[in-house]
Amino acid sequence: MRELQEKIEQYGTVLPGNVLKVDAFLNHQVDPELMLKVGQEFAKLFADEGITKVWTVESSGIAPAVMTGLELKVPVIFARKHKSLTLNQNMYTADVYSYTKKTTNRISISKKYVDANDKILMIDDFLANGQAVEGMLEIADQAGVDVAGAGIVIEKSFQPGAQELKDRGIRVESLARIKSLADGKVTFMED
Ligand code: G4P
Ligand code: NA
Ligand code: NA
């Protein structure tokens, strides 16, 4: 997506450890017009899938997920993060390990908002190692709902998440695909 790539080029900064900081429009300050375009793009890509709900994980996935739900006219659920201790029988849960932060969070979605006939679209701001999406897939599996795929704002294609999901047959649509962050420079994959 051209506008997104331009925003990354203009405002993105590369931190040590191959981290792309995009606090100017996605992870702290949010650019609503850009997010609306992101949501419109995901809605178009998954238009024929019969999506009934959008799922994401708090907090940075919420902005793009809400715009996608607005376009598809379906509800948006953000899985909540807790310390791994939390147990609750009214919740579907999965443990998500963060390689970046070296912590495990338990994510949960209330059974109250899951319908057995749901077909869900997973949205997230970043796809790196794929742990957040794997957690949502685990919950979808427990709940017995269908999954149309994952819509990702920024894919770090040099990390294993996207390929691992594709190898499992999961449709992954990423609006920006980053080939490298080496030497503090953002290089995009060729389309
Ligand atoms: P993953 O397996 O879910 O793909 O991610 P990973 O453990 O590698 O990263 C953990 C957290 O760091 C995730 O956010 C992920 O979105 C974020 N992240 C990974 N790489 C980058 C990056 O290059 N830039 C930025 N800005 N974020 C990155 P989180 O802690 O789960 O959530 P949130 O509260 O920020 O939504
Ligand atoms: Na995220
Ligand atoms: Na994040």
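Residues numbered from 1 in each chain as written. Chains lettered and ligands numbered in written order. Predicted model: local features only at pLDDT ≥ 70, side-chain atom pairs only at ≥ 80, totals over all residues. Heavy atoms only, no water.

Colleague: Quick rundown of the overall build of the protein chain? Include the residues and the values.
Modeller: Across its full length, the protein chain holds 5 helices and 10 strands. For the protein chain, whose C-alpha radius of gyration is 16 Å, the value lies close to the compact-globule estimate of 16 Å for 191 residues. Projected onto the principal axes, the alpha-carbon positions of the protein chain cover approximately 45 × 35 × 35 Å. Expressed as a percentage of contacts within the protein chain between residues at least 6 apart in sequence, the contacts between residues at least 24 apart total 61%. Within the structure as shown, the protein chain displays about 10000 Å² of accessible surface, and the carbon and sulfur contribution to it stands at 47%. The positive charge centre, built from 23 side chains, and the negative charge centre, built from 27, are 4 Å apart in the protein chain. (Helix = DSSP H or I, 4+ residues; strand = E, 2+ residues; numbered from the N terminus. Rg over C-alpha atoms; globule rule 2.2 N^0.38 Å. Contact = heavy atoms within 4.5 Å. Areas by Shrake-Rupley, 256 points an atom, 1.4 Å probe, with all protein chains shown as cover. Lys, Arg positive; Asp, Glu negative; His and termini not counted. Charge placed at Lys NZ, Arg CZ, Asp CG, Glu CD.)

Colleague: Report on unusual backbone geometry, specifying residues and quantitative values.
Modeller: Following E58, the chain continues into S59 via a peptide bond in cis, with omega recorded as 0°. Within the secondary structure, S59 is located in the loop between β3 (53–57) and α3 (62–72). If you check the backbone angles, N18 has positive phi at about 60° while not being a glycine. On the basis of relative accessibility, which here comes to 34%, the residue N18 falls in the partly exposed class. (Buried < 20%, exposed > 50% of the residue type's maximum accessible area, 1.4 Å probe, protein only.)

Colleague: Residues and numbers for the site of ligand 1, please.
Modeller: L20, K101, G130, Q131 and K156 are the nearest of the 22 residues found near ligand 1. Taking N129, its side chain carries an N or O atom lying 2.9 Å from an oxygen atom of ligand 1. In the complex, 86% of the free accessible area of ligand 1, which totals 710 Å², lies under the protein chains. Elements that contribute at least two residues to the shell around ligand 1 include exactly β2 (19–21), β5 (91–98), β7 (119–127) and α4 (131–143). The element contributing the most residues to the shell around ligand 1 is β7, with 3 residues. (Near = heavy atom within 4 Å. Polar contact = N/O pair within 3.5 Å; in protein donor to acceptor, adjacent residues only side chain to side chain.)

Colleague: Describe in detail the sheet that holds strand β9 (residues 172–180), supporting the description with residues and values.
Modeller: In space, the 8 strands of this open sheet follow the order β5-β6-β4-β3-β7-β8-β9-β10, with mixed pairing throughout. Each having just a single partner strand, β5 and β10 (187–188) make up the two edges of the open sheet. Judged from the 4 bridges that link them, β3 and strand β4 (residues 76–83) form a sheet pairing that is parallel. Residue pairing for β4: W55 is matched across the bridge by I77. Together, β3, β4, β7 and β8 (146–156) form the strand contacts of α3, whose direction differs from that of β3 by roughly 180°. (Pairing = 2+ DSSP bridges. Axes fitted to C-alpha atoms, helices over the stretch in contact; angles between N-to-C directions.)

Colleague: How would you summarise the pairing of β9 if you had to cite specific residues and measurements?
Modeller: One ladder, built from 6 bridges, connects β8 with β9; its direction is parallel. Across the sheet, the residue bridging to E155 is R177, located in β9. Once you follow β8 into helix α5 (residues 161–167) and on to β9, the crossover reads as right-handed. As judged from the 2 bridges shared by β9 and β10, these two strands associate in the antiparallel manner. Bridge pairing in β10 places S180 opposite T187. (Right-handed = clockwise from strand over helix to strand, strands pointing away.)

Colleague: Account for the coordination of the sodium ion (ligand 2), with residues named and values stated.
Modeller: Coordination of the sodium ion (ligand 2) by the protein is provided by D124 (OD) and D125 (OD), with metal-donor distances spanning 2.3 to 2.8 Å. A separation of 3.5 Å is found between the sodium ion (ligand 2) and the sodium ion (ligand 3), which share D125 as a coordinating residue. Given the relative accessible area of 10%, D125 is considered buried. (Donors = N, O, S within 2.8 Å, 3.2 Å for Na, K, Ca; no water.)

Colleague: Describe the packing of helix α2 (residues 32–45) against α3, with residues and values.
Modeller: Interaxial distance between α2 and α3 falls to 7 Å at its minimum, and their mutual angle equals 55°. In terms of their interaxial angle, α2 and α3 are classed as oblique. Regarding α2 and α3, the two cross each other, and that crossing is right-handed. Side by side, α2 and α3 meet where P32, M35, L36, V38, G39, Q40, F42 and A43 of the first sit next to A63, P64, M67, T68, L70, E71 and L72 of the second. (Parallel < 35°, antiparallel > 145°, perpendicular 65-115°, else oblique. Left-handed = near helix turned anticlockwise from the far one by under 90°.)

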